[in-house]
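Chain and residue survey
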Protein chains: 2
Amino acid sequence: MSQNNITLKELAKILDVSISTISKALNDSHEISEATKTKIKELAKLHNYQPNKLAINLKSGKTKTIAVLIPSIQNYFFAKVLLGIESVVAKSPYNIIIGITNESYEDEKENLQKLSNGIVDGFILSVAEETQIKQEFNHFKNTNKPIVMFDRVVKNMTCDKVMVNDFDSVYEATVDLIKNNRKNIAIATTINNLSVIKHRIEGYKKALSAHLNQVEFDLIVEEPLHLISDKLTNILKAKKIDAIISLDEFASLAVLKTVKQNNFSIPSEIALIGYMDEKVATYLTPEFSTIDQNGVQIGEIAAKTLIDRLENKALEPQEIIIKSTINKKATTN
Amino acid sequence: MSQNNITLKELAKILDVSISTISKALNDSHEISEATKTKIKELAKLHNYQPNKLAINLKSGKTKTIAVLIPSIQNYFFAKVLLGIESVVAKSPYNIIIGITNESYEDEKENLQKLSNGIVDGFILSVAEETQIKQEFNHFKNTNKPIVMFDRVVKNMTCDKVMVNDFDSVYEATVDLIKNNRKNIAIATTINNLSVIKHRIEGYKKALSAHLNQVEFDLIVEEPLHLISDKLTNILKAKKIDAIISLDEFASLAVLKTVKQNNFSIPSEIALIGYMDEKVATYLTPEFSTIDQNGVQIGEIAAKTLIDRLENKALEPQEIIIKSTINKKATTN
DNA sequence: TTGAAAGCGATACCAA
DNA sequence: TTGGTATCGCTTTCAA
């Protein structure tokens, strides 16, 4: 079970022909007679010949492999993006190699370096949290392979980007709440260092200032997951709140739980909407209104973009925006 | 940005020395004088020399890359296993390449073939559902690389296996319910073709027959996700049920929702326990009692086992069992 | 129609 | 201490 595959050289020896003849025959070259072709192909099949990809890659300078670097795997959003990438790549000659950066700058840098030395042809990645905090992006520039960034992108880098309309989505969700007579709308997030989260908060602020002339924003709850319930409980007791927008998956779960625990009725007293996996949202009680980033689509587009670039380097850098979808369910009206 | 890395040959030309001198110097060979070593190393650093991994791999016959094949990514369990694998592999010289088989036999077979030709040194995988239905396992035997199977393993194959004590865990959970005076215990699952699910159901049956002398089992609900709620509602109306054990993540969510919708109080009227991600379970209301498969640990052990095998082929095939943990929360007493 | 040989980028043995 | 050369497995050009 553990011995290696048969090689062209060995096949050549068996048939007493040259290596090049074997190679050409197996690649269906017109230079080789039908007779020898069939003979060689039969022998190859018999021995279950599989060309050594490493040798081909070394020769061609390409590996037909794409690296996907994601900050975390414990997250339905990235899982869905991965699914989208995988569905496109599976239909192509490419393979996927995955690195998880654990939101760490060092891990991200190391992954980039490790994989740039011939292992992959290009990268699809979403920037790690720590990298965004440090604002240190040279490791992206130091690789000589094309990069497609998605969701969390670096503004001032020229590369392909697949982005989400974070500002607009939350703006729209907020306005919708306002139109339903919500006047005291809070924000909850367990993350605060990411540009995407900042854009979402900006969308919220803009909606409040444009439609309610609100200029101070004291209902923004930014706490790590293990603290957010307590913090929110305090605020619910101290202030009047009639709607909450949650900006990440676990914030959404925590908000729902906390509001129920404090015996507010949903949505009559407090409406809820937030970022969460659609499938999970459907199985909560009450069913949760979501802002869906359409992760699968993001992954598909990112994969297509990178493959296009790898096959044809002449393209202009793309910046594609995937619109999020608002799915209203039982937690809003 | 898109030009290739500098090579030994080019460095050699610049310094007008031989390629072998460059190679040895960069590998700190004692054969080379300190003077030339430093000179060469400086030049290498200046040009940001990175050895071409493909060439090294071709030469050595090893790639230091591990393939992980998982049936689905939309699943917290596999995400956690992946996390465990990644944490071990990240500390090693190995890389991970991921394939998603989408529960399909063809996808699984294709992944195995595609990656066996020099791309990876070995596999960590969990068998696809369709493969288990077909009982077709030759593609596993046809690869000449070591395989570590986890969770869903093939009984009659000699390879390393990291398994879960499915039978025992559900047996134990069932007995615990019985001891708390539950006499009408139902099972809910959205999957029915997997050996692991079958083992779980066997554990349930054994507990009922051993402790309640029950020999007929008419409270087993096996339905795809979109039907399970309706089916369960009918059964809840027709029969007396005082506990439900759910065997997969989405079954657990669906059961919780359905039981609440039918206005049973939890756990006083109906107790619930099931397979689900711990973190999600904590944020449900009421907090959900879980059987935790300890996916991270499974991944860690699987990765260690494969790396051990790759470094030292002499080991006996291992069969390791990771015990699941029962975490009682608000849905049981 | 077939074969010889160079080359992809590195390592390592053997000479010098 | 340094260099030449074979080699990993394959593709491809040029000769035969």
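Calculation criteria
- Residues numbered from 1 in each chain as written.
- Chains lettered and ligands numbered in written order.
- Predicted model: local features only at pLDDT ≥ 70, side-chain atom pairs only at ≥ 80, totals over all residues.
- Heavy atoms only, no water.
- Axes fitted to C-alpha atoms, helices over the stretch in contact; angles between N-to-C directions.
- Helix = DSSP H or I, 4+ residues; strand = E, 2+ residues; numbered from the N terminus.
- Parallel < 35°, antiparallel > 145°, perpendicular 65-115°, else oblique.
- Left-handed = near helix turned anticlockwise from the far one by under 90°.
- Contact = heavy atoms within 4.5 Å.
- Nonpolar A, V, L, I, M, F, W, Y, C, P; charged D, E, K, R; others polar.
- Near = heavy atom within 4 Å.
- Polar contact = N/O pair within 3.5 Å; in protein donor to acceptor, adjacent residues only side chain to side chain.
- Domains from an automatic or database assignment.
- Least-squares fit on C-alpha atoms with pLDDT ≥ 70 in both.
- Buried < 20%, exposed > 50% of the residue type's maximum accessible area, 1.4 Å probe, protein only.
- Pairing = 2+ DSSP bridges.
- Buried area = accessible area lost by both parts, 1.4 Å probe.
- Salt bridge = Lys/Arg side-chain N within 4 Å of Asp/Glu carboxyl O.

The name an unreviewed UniProt entry assigns to chain A is LacI family transcriptional regulator, from the organism Aurantibacter aestuarii.

Regarding the packing of helix H1 (residues 8–15) of chain B against helix H3 (residues 34–46) of chain B
All names here are of chain B. Where H1 contacts H3, the two axes come as close as 11 Å, and the packing angle between them is 120°. Compared by their axis directions, H1 and H3 come out oblique. The two elements H1 and H3 meet at a crossing, and its hand is right-handed. In this structure, H1 uses Leu 11, Ile 14 and Leu 15 to contact H3, whose residues at the interface are Lys 39, Ile 40, Leu 43 and Ala 44. Classifying every residue of the contact of H1 with H3 by side-chain character gives six nonpolar, no polar and one charged.

A word on the protein's contact with DNA strand D
Around DNA strand D, 25 residues are found, and the nearest of them are Leu 8 and Tyr 49 of chain A together with Thr 21, Lys 24 and Lys 59 of chain B. In the interface set of DNA strand D, defined as its atoms within 4 Å of the protein, sugar plus phosphate atoms amount to 61%. One of the side-chain nitrogen or oxygen atoms of Lys 59 of chain A is found 3.0 Å away from a base oxygen of DNA strand D. At the level of secondary structure, the elements contributing two or more residues to the surface near DNA strand D comprise helix H1 (8–15), helix H2 (19–26) and helix H4 (53–60) of chain A together with helix H2 (19–26) and helix H4 (53–60) of chain B. Tallied by class, residues from the surface near DNA strand D come to eight nonpolar, 11 polar and six charged.

Structural notes on the domain arrangement of chain A
For chain A, the assigned domains read domain 1 (8–51), domain 2 (62–163 + 295–323) and domain 3 (166–292). Each of domain 1 of chain A and domain 3 of chain A has a C-alpha centre, and the two are 65 Å apart.

Some details on unusual backbone geometry
In this chain, Ile 266 of chain A is followed by Pro 267 of chain A through a cis amide linkage whose omega measures 0°. For Pro 267 of chain A, the location among the structural elements is in the loop between helix H12 (249–261) and strand S9 (271–275). At the junction of Thr 285 of chain B and Pro 286 of chain B, the peptide bond is cis and its omega measures out at -10° in the coordinates. Positionally, Pro 286 of chain B belongs in the loop between helix H13 (278–282) and strand S10 (289–292). The backbone phi angle of Asn 294 of chain B is positive, close to 55°, even though this residue is not glycine. Take Asn 294 of chain B: it is sitting in the loop between S10 and helix H14 (295–311).

Quick notes on the relation of the copies chain A and chain B
Once chain A is rotated about the relating axis by 180° and shifted along it by 0.0 Å, it coincides with chain B to within an RMSD of 0.1 Å. Both chain copies can therefore be described as sitting about a two-fold axis. The C-alpha atom lying nearest the rotation axis in chain A is that of Ile 97 of chain A; the distance is 2.0 Å. Mapped onto chain B, 98% of the interface residues of chain A are again interface residues, and the two copies thus contact each other with one and the same surface.

Notes on the pairing of S10 of chain B
All names here are of chain B. The alternating pattern of S10 places Ser 289 and Ile 291 and Thr 290 and Asp 292 on opposite faces, both of which are buried. Of the pairings in the sheet, the one linking strand S9 (residues 271–275) to S10 comprises three bridges and is parallel in character. Bridge pairing in S10 places Tyr 275 opposite Ile 291. Both S10 and strand S12 (residues 325–327) contribute to a ladder of three bridges, which runs antiparallel. When the bridges of S12 are listed, Thr 290 appears paired with Asn 327.

Quick look at the protein's contact with DNA strand C
The environment of DNA strand C is formed by 26 residues, the closest being Thr 21, Lys 24 and Lys 59 of chain A together with Leu 8 and Ser 23 of chain B. What you see for DNA strand C is that sugar and phosphate hold 58% of its atoms within 4 Å of the protein. A distance of 2.2 Å is found between a base oxygen of DNA strand C and a side-chain nitrogen or oxygen belonging to Lys 24 of chain A. Listing elements by their share of the surface near DNA strand C, those giving two or more residues are H2 and H4 of chain A together with H1, H2 and H4 of chain B.

Topic: the interface of chain A and chain B
Note: interface size is frequently given as the accessible area lost on complex formation between the parts. Listed as interface residues are 58 residues of chain A and, on the opposing side, 58 residues of chain B. Of the roughly 5700 Å² buried between chain A and chain B on both sides combined, carbon and sulfur atoms contribute 57%. The three residues of chain A that bury the most area against chain B are Leu 54, Asn 144 and Tyr 283 of chain A, which together make up 13% of that side's buried surface. Our count for the contact surface shared by chain A and chain B stands at two salt bridges. In this structure, the salt-bridge partner of Lys 257 of chain B is Glu 287 of chain A, at a minimum N-O distance of 2.6 Å. At the level of secondary structure, the elements contributing two or more residues to the side of chain A that touches chain B comprise H4, helix H5 (76–90), strand S2 (95–100), helix H6 (105–116), helix H11 (225–238), H12 and helix H13 (278–282) of chain A. Each residue belonging to the side of chain A that touches chain B can be placed in one class, and the counts come to 26 nonpolar, 21 polar and 11 charged.

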